[in-house]
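The chain contents come next:
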Amino acid sequence: MINSVVIVGRVGQDPDVKYFDSGKVKTVLSVAANRWAKDGEKTDWFRIELWDKKAEVAGEYAKKGALIAIEGRLAQNKWTTPSGENREYYYVRANDIRLLGRKEAQ
């Protein structure tokens, strides 16, 4: 079985970078990718999570509006709220990021 995701799109907002006491770094950002549908162009939003050196690169250079390419795998986060509700969301756990350009340059 293969779990592989490639997304090329624009960063939706400046990345959220977190530094942990263990020395690990985690960056979360959103990416908008356009696709064609019968009724016109649609935008899909993806939550991207990067760790360690790639997270530092994303935090420094992947600013809002930047065109980037992400390679990774689809992952799921599940939890139960204090009130007992089950929650979940899917995200892309990226293992590579490529910076393709800023919106102003297009």
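Residues numbered from 1 in each chain as written. Predicted model: local features only at pLDDT ≥ 70, side-chain atom pairs only at ≥ 80, totals over all residues. Heavy atoms only, no water.

Peer 1: I would appreciate a short explanation of the overall build of the chain in the present structure.
Peer 2: Within the chain one finds one helix and six strands. Counting from the amino terminus, the chain carries its helices and strands in the arrangement β-β-β-β-α-β-β. C-alpha extents for the chain along the principal axes are approximately 45 × 35 × 30 Å. Within the chain, the proportion of its 106 residues that are buried is 34%. (Helix = DSSP H or I, 4+ residues; strand = E, 2+ residues; numbered from the N terminus. Buried < 20%, exposed > 50% of the residue type's maximum accessible area, 1.4 Å probe, protein only.)

Peer 1: Help me understand the pattern of salt bridges, please; the structure alone is not making it clear to me.
Peer 2: Side-chain pairing between opposite charges can occur once the charged atoms of the two side chains come close. This model, assessed by the stated rule, comprises nine salt bridges. Residues glutamate 85 and arginine 87 are paired through a salt bridge, measuring 3.3 Å at the closest nitrogen-oxygen approach. When salt bridges that share partners are traced, they join Lys54, Glu71, Asp96 and Arg98 into one network. (Salt bridge = Lys/Arg side-chain N within 4 Å of Asp/Glu carboxyl O.)

Peer 1: In this structure, what is going on with a nonpolar patch on the surface? I would like to understand it.
Peer 2: On the surface, a cluster of nonpolar side chains totalling about 270 Å² of accessible area is made up of Val6, Val8 and Leu100. Tracing the backbone shows valine 6 in strand S1 (residues 5–11). A relative accessible area of 60% places valine 6 in the exposed class. (Patch = residues over 30% accessible without salt bridge, like charges linked within 9 Å, V, L, I, M, F, W, Y side chains within 5 Å. Areas by Shrake-Rupley, 256 points an atom, 1.4 Å probe, with all protein chains shown as cover.)

Peer 1: Help me understand the packing of aromatic side chains, please; the structure alone is not making it clear to me.
Peer 2: Each pair of aromatic rings is reported with the distance of its centres and the angle of its planes. A complete count under the given rule lists three aromatic pairs for this structure. For the pair phenylalanine 20 and tryptophan 51, a centre-to-centre distance of 5.9 Å together with 20° between the ring planes defines the contact as stacked. With phenylalanine 20 in the loop between strand S2 (16–19) and strand S3 (25–37) and tryptophan 51 in strand S4 (residues 40–51), this pair connects stretches of sequence that are 31 residues apart. Through a chain of ring-to-ring contacts, three or more aromatic side chains come together here, namely Trp79, Tyr89 and Tyr91. (Phe/Tyr/Trp six-rings, centres within 6.5 Å; stacked < 30°, edge-to-face > 60°.)

Peer 1: Just to check I follow, could you spell out unusual backbone geometry for this structure?
Peer 2: Most of the time, phi is negative for any residue but glycine, and the peptide bond is trans. Even without a glycine there, the phi angle at aspartate 52 is positive, about 60°. One can find aspartate 52 in helix H1 (residues 52–61).

Peer 1: Where do I start with the nonpolar core in this structure?
Peer 2: Nonpolar side chains in soluble globular proteins generally cluster together in the buried interior. The biggest cluster of nonpolar side chains holds 18 residues, and the ones touching the most others in it are Leu29, Ile48, Leu50 and Ile68. Among the elements of the structure, S1, S3, S4, H1, strand S5 (67–80) and strand S6 (86–101) are those that each provide at least two residues to this core. If one sorts the elements of this core by residue count, S3 sits on top with four residues. Sequence-distant contacts of isoleucine 48, defined by excluding residues within four places in its chain, comprise Ile7, Thr27, Val28, Leu29, Val31, Ile70, Val92 and Ala94. (Core = buried A, V, L, I, M, F, W, Y, C linked by side-chain atoms within 4.5 Å. Contact = heavy atoms within 4.5 Å.)

Any functional reading would require information that these geometric values do not contain.
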